[in-house]
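# Topology and contacts: notes
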Amino acid sequence: MNQHNRNIGASERPVIRQLDDAAANRIAAGEVVERPASAVKELVENALDAGASRVAVEYCDGGKTLIRVTDDGCGMTADDLPLALSRHATSKIDGSDLLNIHTFGFRGEALPSLGAVGRLTITSRVDGLDAFQIGVAGGQIGPVKPAALNRGTVVELRDLFFATPARLKFMRTDRAEAQAIADVMKRLAMAEPYVSFTLTDVSNGKSREIFRADGEQGELFDALSERLARVIGRAFADNAVKIDAEREDIRLTGYAALPTYSRGAAVEQFLFVNGRPVRDKQLTGALRAAYMDFLSRERHPAACLFLTCEPERVDVNVHPAKAEVRFREAATVRGLIVTGLRHALAQAGHRASSTVSDATLGAMRPEPTADQPPRIYQMDRPSLGAMRSSYSAQAPLPDPGYQPPSYQQPSFQEAPAPSFDYAPSARAEAPAPAEPALTEKPLGAARAQVHENYIIAQTERGIVIVDQHAAHERLVYEKLKGQMAENGVPAQALLIPEIVELSQGDAALLLEHADALARLGLTIEPFGGSAIAVRETPAVLGEINAEGLLRDVLDELSDLGDSQLVQAKIEAVLSRMACHGSIRSGRQMRADEMNALLRQMEATPHSGQCNHGRPTYVELKLSDIERLFGRT
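Residues numbered from 1 in each chain as written. Predicted model: local features only at pLDDT ≥ 70, side-chain atom pairs only at ≥ 80, totals over all residues. Heavy atoms only, no water.

A separate point is the overall build of the protein chain. Assigned secondary structure in the protein chain consists of 19 helices and 24 strands. Across the 632 residues that make up the protein chain, the buried fraction comes to 45%. Counted over contacts in the protein chain with a minimum sequence separation of 6, partners at least 24 positions apart contribute 69%. Carbon and sulfur atoms form 51% of the exposed surface of the protein chain, whose accessible area is close to 33300 Å². (Helix = DSSP H or I, 4+ residues; strand = E, 2+ residues; numbered from the N terminus. Buried < 20%, exposed > 50% of the residue type's maximum accessible area, 1.4 Å probe, protein only. Contact = heavy atoms within 4.5 Å. Areas by Shrake-Rupley, 256 points an atom, 1.4 Å probe, with all protein chains shown as cover.)

Listed below in structure tokens is the structure:
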């Protein structure tokens, strides 16, 4: 491999030179303006900082040839315009306190950086004054001229990177750049639900609206829910729980989706700190840890979370594009996210995602053909009393010659299957005299068991299909977790402590979390130098590789600042125990057993999904079922 020569000159000593303003601005633009979406982000944030209630963005060719941002904010005077194009000139801070930041922008770099690599024109008007315009191309600032504008500011950026043509070679396709612009707009729209946003593609002389979100009204959570429905989709809003938690004057708000509404990738995870969209791996890790007990590794939670705290407690000046932040009390923030989300999900009880029912109905609905549209029958729906009378009249009379097989199923626990001369795939239960009240319960009254695995229950609004094994597995798992939380994690002492040699930094990092690990049954102590002695391990894990476990914990601590690995391993063992101790598929259940299972599900948090995040039941509305049969 060839060794790269990093010296500026091979034969003479390098000389330090002062770069001119144009070169400095182009270098700064390389940090601030990575692609057209970066320019859109900076310009829209400026509009929001100016108090705009409407922001309109237009672009051509993925933003490469034109980006135009129009707002109705406070505007700028003729004296402000030249200053706005000077580096480190800003109206948002006075420079005395770089931690007391309440706005999106504060560095004063965006506009001069854009003017250094593109052709930038700014037209602005302050209420009560005339409008003025200024232009800059490749870092060369033009004069201030009178202009025509009703109010606010219009910033037009043409030919991005024309002054640095090498950057154009690294641009992606127009479609990819346009998608990145739309993503930026949607994140900012979520951060400001009371502001109206429009995004329009004006390529090739045509105008095509890509995204639109009118300003919402009402209370904050209602406005945010409607905005999320517009941006992410109605399915997310309908299947999300409200988050409102606080710890040590740090507040967490927003919405988090039910575990059964999970994604195959982390595409619906939106995090905001003091209203600023961020992509911070520690916050994302805390979100993942909150769902650790409900989702398998290949599934990802969906959430839109807002962290609010005093500006002095978070440093937003640690990333060139302000995409990452650093908290003064990082452990407090992580704990708030994990406990706040878990508490909200527990309050959701047995609720499961409605998208499961939609998928079920979609699989059952016949596909209409072009020459044969679906037939619709107009029918009157009888009253509830009439339906009950009809059901009683249609009940089959007992056959005097039929003798049902005699067997006993003594308990709710696992029992051997009865001996039949035939193998029934479904069995209906006669309703008990007091059973109509059970249909008023959320999961209804058990009516039948099919294929010895699925319970069919009737509710007031439709039917519920329950996977008996998955549901009981979750109930047993929650019971085991409750017992362990009450009694603690039992630890087993090692006859000979295992000594693990680590670096000084790794050993110190582990010992900082020794108390938290001890509560999970993993006891460690310093053993001289940089060695760590493992005295006890969680008994439920059996015989383990202590060194491998410690190094895995270290990896998580280094990456995320916290580790849930030991707890995850313990809960994985409890999950396997719950699987073996739950009702098996193929086990026939009596009506009272099925109803008892339904009542336990209603009273147990997280019973709407199994230990792997799959739904334990599907609810079908009567109106949806009637549409399947054309009864509408």
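This part covers the sheet that holds strand β10 (residues 240-247). Whether parallel or antiparallel, the strands of a sheet pair through hydrogen bonds between backbone atoms. If you walk across this open sheet you meet the five strands as β10-β11-β14-β12-β13, and the pairing is mixed. Both outer strands of the open sheet, β10 and β13 (276-278), are each paired with one neighbouring strand and no more. Strand-to-strand twist of the sheet, defined as the mean angle between neighbouring strand axes without regard to direction, takes the value 20°. Against the sheet, helix α7 (residues 220-231) touches β10, β11 (250-257) and β14 (303-308), its axis set at about 40° to β11. (Pairing = 2+ DSSP bridges. Axes fitted to C-alpha atoms, helices over the stretch in contact; angles between N-to-C directions.)

Turning our attention to the nonpolar core. Counting 60 residues, the largest nonpolar core has V44, V55, L120, I122, F197 and F236 as the members making the most contacts within it. At ten residues, the largest contribution of residues to this core is made by helix α6 (residues 174-191). Contacts of V55, omitting those with residues within four sequence positions, involve V44, A47, L48, V69, T70, D71, V195, S196, F197 and T198. Counting residues in each nonpolar core, the second largest holds 34 residues, with A245, A256, V314 and V325 among its members. (Core = buried A, V, L, I, M, F, W, Y, C linked by side-chain atoms within 4.5 Å.)

Moving on, we get to the environment of I243. With respect to the secondary-structure elements, I243 resides in strand β10. Separated by 100 residues in the primary sequence, I243 and H343 place their C-alpha atoms 8.9 Å from one another. Sequence-distant contacts of I243, that is, excluding residues within four places in its chain, are made with F221, L252, T253, G254, Y255, A256, L305, G340, L341 and A344.

The next point concerns the pattern of salt bridges. Here the structure, examined in full by the defined rule, presents 30 salt bridges. Residues E156 and R68 are paired through a salt bridge, measuring 3.0 Å at the closest nitrogen-oxygen approach. Taken together, the residues E156 in strand β7 (residues 152-158) and R68 in strand β2 (residues 66-71) connect sequence positions 88 residues apart. Where salt bridges share partners, they join E58, R68, E156 and R158 into one cluster. (Salt bridge = Lys/Arg side-chain N within 4 Å of Asp/Glu carboxyl O.)

Bridge count for strand β1 (residues 54-60) against strand β8 (residues 196-201) is six bridges, and the pairing is parallel. Pairing of R54 across the sheet is with S196, part of β8. The pairing of β1 with β2 spans six bridges and is antiparallel. When the bridges of β2 are listed, Y59 appears paired with I67. Hairpin connection of β1 to β2: five residues between the antiparallel strands, including D61 at a positive phi of 55°.

Bringing the sheet that holds strand β23 (residues 531-538) into the picture now. Ordered in space as β21-β23-β22, the three strands form an open sheet in which the pairing is antiparallel. At either end of the open sheet lies a strand with only one pairing partner, and these are β21 (491-501) and β22 (523-526). The mean inter-strand angle of the sheet, taken between neighbouring strand axes irrespective of direction, is 20°. With respect to the sheet, helix α14 (residues 504-512) is in contact with β22 and β23, its orientation differing from that of β22 by roughly 130°.

With that settled, the discussion passes to helix α2 (residues 36-49). When the terminal C-alpha atoms of α2 are compared, their 20 Å separation across 14 residues agrees well with the 20 Å that a helix rising 1.5 Å per residue should span. A large share of α2 lies buried, amounting to twelve of its 14 residues. If you check which residues of α2 are buried, you get P36, A37, S38, A39, V40, K41, E42, L43, V44, E45, A47 and L48. (Expected span 1.5 Å × (residues − 1).)

Moving on, we come to the environment of A229. Residue placement: A229 occurs in helix α7. Those residues in contact with A229 that lie beyond four places of it in its chain are R234 and A237.

Scanning the entire structure with this criterion turns up three aromatic pairs. For the ring pair F221 and Y255, a centre distance of 6.1 Å and an interplane angle of 80° mean the geometry is edge-to-face. One end of the pair, F221, is in helix α7; the other, Y255, is in strand β11, with 34 residues separating them in the sequence. The pair F221 / Y255 is uniform in exposure class, with both members buried. With centroids separated by 6.1 Å and ring planes inclined at 65°, the aromatic side chains of F236 and Y261 adopt a geometry described as edge-to-face. Taken as a pair, F236 in helix α8 (residues 234-238) and Y261 in the loop between β11 and β12 (269-273) lie far apart in primary sequence, 25 residues in all. (Phe/Tyr/Trp six-rings, centres within 6.5 Å; stacked < 30°, edge-to-face > 60°.)

Of all residues in the protein chain, 78% attain a pLDDT of 70 or more, and the chain-wide mean is 80. This stretch, residues 393-400, has a pLDDT under 50; its non-local contacts, to residues over four places away or in other chains, come to zero contacts. A low-confidence stretch, residues 402-422 stays under pLDDT 50, and its non-local contacts, those more than four residues away or across chains, total 31 contacts. (pLDDT = per-residue confidence, 0-100.)

For the rest of this paragraph, the subject is the packing of α2 against helix α4 (residues 110-117). Where α2 meets α4, the axes come as close as 10 Å, and the angle between the chain directions of the two elements is 140°. Between α2 and α4, the crossing angle belongs to the class labelled oblique. For the crossing formed where α2 meets α4, the hand is left-handed. Contact residues: α2 offers A39, E42, L43 and N46, while α4 offers A110, L111 and L114. Taken together, the residues of the contact of α2 with α4 break down into five nonpolar, one polar and one charged. (Parallel < 35°, antiparallel > 145°, perpendicular 65-115°, else oblique. Left-handed = near helix turned anticlockwise from the far one by under 90°. Nonpolar A, V, L, I, M, F, W, Y, C, P; charged D, E, K, R; others polar.)

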